[in-house]
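Secondary and tertiary structure notes
One letter stands for each residue in the lines below.
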Amino acid sequence: MVISESHILLNYLIAIILSIVVAVVLKLPLVPEKPIRFSWTKSALFPTPIITIGILGFVYSLGFFWIYDGIILAVIICIISGLFVKYLFDYLFPKPLMWSDE
Amino acid sequence: MNEIIGVILASIISWLNFVIIDTYFGLPEAPGVKGADIVGRSIKKRGGDLSGGFFQGNILCSPDASAGTLLASVAVMVLGVQGGLMAALIVFIGNRLCADPGYAGTIGALSMTIIVFICSLLGFSPLMFVVGTVIAITTIQGLDHRSSSILLGIIAKKLNRKTKLE
């Protein structure tokens, strides 16, 4: 199946926006606390959309778009990413013990 | 575009991409892990700059924007723009495994994906950016630690990211 580039771009934009919405609905903070560059807080803006577009890119690169030109797939991956960041993220990527805190 | 000119320009663009992003996200400010602290202080002992040393130690100890830049260039070469998005996720996972919050690496990979895409419209090939990034990282990590750390320290000072540690 051949999907136009504009459709794929639209799917990514929908995925980014929807993943942020899903994360906010799951009561993740919108942005990490300041200073952001040293913050370990998971939030709606980081890393939820990164995980979403990474997985979506992987699936699309395999040529799997499923129905409605891949848009349903984008929505499902948004929801899964939001749930992953909310409930599983800390288990897989725990905040390390800072050596300076020892 | 001529390959040699393309690689030179790509090196400059890659260098600016990862040095500015890494500095902005605070790599020169503090060592993320013990190894980065040891590298930074060792470079200072040899006459280098401590901020630049922490920068070098941090990019050595975790995949920051330098690795993001390289991985994104490779991924765009192999899989197109979608590859760059996957590279950002892979760099983020690598960051988290290396005790790093992951902002610099991820943003670096995404910005490089956009840069390679825009430059490909201007006649650059992604391969030029792969070679260019390797050259850019070599100028920081592979030639002379003392002088490169001093240069990184100056950039850190300009961006208000100089370390407060002694």
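The structure contained in this document is the topic of the report that follows. (Residues numbered from 1 in each chain as written. Chains lettered and ligands numbered in written order. Predicted model: local features only at pLDDT ≥ 70, side-chain atom pairs only at ≥ 80, totals over all residues. Heavy atoms only, no water.)

1. Things to note about the overall build of chain A
The following threshold applies: Helix and strand assignments follow DSSP, with helices taken as H or I runs no shorter than four residues and strands as E runs no shorter than two, numbered in order from the N terminus. A 1.4 Å probe rolled over the protein chains alone gives each residue an accessible area, and that area as a share of the maximum for its type sets the label: buried under 20%, exposed over 50%, partly exposed in between.
For chain A, the helix and strand inventory stands at three helices and zero strands. Overall, chain A shows an N-to-C arrangement of helices and strands of α-α-α. If one aligns the C-alpha atoms of chain A with their principal axes, the spans along those axes are about 55 × 25 × 20 Å. Burial analysis of chain A (102 residues in total) assigns 42% to the buried set.

2. Looking at the interface of chain A and chain B
Worth spelling out the cut-off: The contact definition used throughout considers only heavy atoms, calling two residues in contact when any of these lie within 4.5 Å. Buried area: the accessible area, evaluated with a 1.4 Å probe, that two parts lose upon being put together, summed over both parts. Basic side-chain nitrogens of Lys or Arg form a salt bridge, by our definition, when they fall within 4 Å of a carboxyl oxygen of Asp or Glu. As used in this structure description, the phrase polar contact means that two N or O atoms lie within 3.5 Å; if the pair is within protein, one of them must be able to donate a hydrogen and the other to accept it, and residues adjacent in sequence are counted only when both atoms belong to side chains.
Across the boundary between the two partners, chain A contributes 25 residues, which contact 27 residues of chain B. Summing the contributions of chain A and of chain B, the shared interface buries around 2300 Å²; its carbon and sulfur component is 72%. One can count one salt bridge joining chain A with chain B. The closest approach of N and O atoms between B:Glu29 and A:Arg37, which form a salt bridge, is 2.6 Å. Counting across the interface, chain A meets chain B through three residue pairs in polar contact (both at pLDDT 80 or more). Going through the elements one at a time, helix H1 (5-25) and helix H2 (48-61) of chain A are the ones with two or more residues in the side of chain A that touches chain B. Tallying contributions element by element places H2(A) first for the side of chain A that touches chain B, with nine residues.

3. Side note on the side chain of B:Thr163
Residues and elements named next belong to chain B. Structurally, Thr163 is set in the segment after helix H8 (145-158). Assessed through its relative accessible area of 13%, Thr163 is described here as buried. Within polar-contact distance, the side chain of Thr163 engages the backbone nitrogen of Leu165 at 3.1 Å. Each residue touching Thr163, except ones within four places of it in the same chain, is listed here: Pro28, Glu29, Leu50, Ser51 and Phe54.

4. Let's talk about the packing of helix H1 (residues 3-24) of chain B against helix H4 (residues 65-79) of chain B
Residue and element names in this part refer to chain B. Short version of the rule: Structural elements are reduced to axes, namely lines fitted to C-alpha atoms, with helices fitted over the stretch in contact, and the angle between N-to-C directions of any two is expressed from 0 to 180 degrees. Two helices crossing with the near one rotated counterclockwise from the far one by less than a right angle form a left-handed crossing, whereas a clockwise rotation gives a right-handed crossing. By the convention adopted, Pro, Cys, Tyr, Trp, Phe, Met, Ile, Leu, Val and Ala count as nonpolar, Lys, Arg, Asp and Glu as charged, and the other residues, Gly among them, as polar.
H4 packs onto H1 with a crossing angle of 145° between their chain directions and a minimal axis gap of 8 Å. Classified by chirality, the crossing of H4 by H1 is right-handed. Residues Ser14, Asn17, Phe18, Ile21 and Asp22 of H1 form the contact with H4, whose participating residues are Ala65, Ser66 and Thr69. By residue class, the composition of the contact of H1 with H4 is three nonpolar, four polar and one charged.

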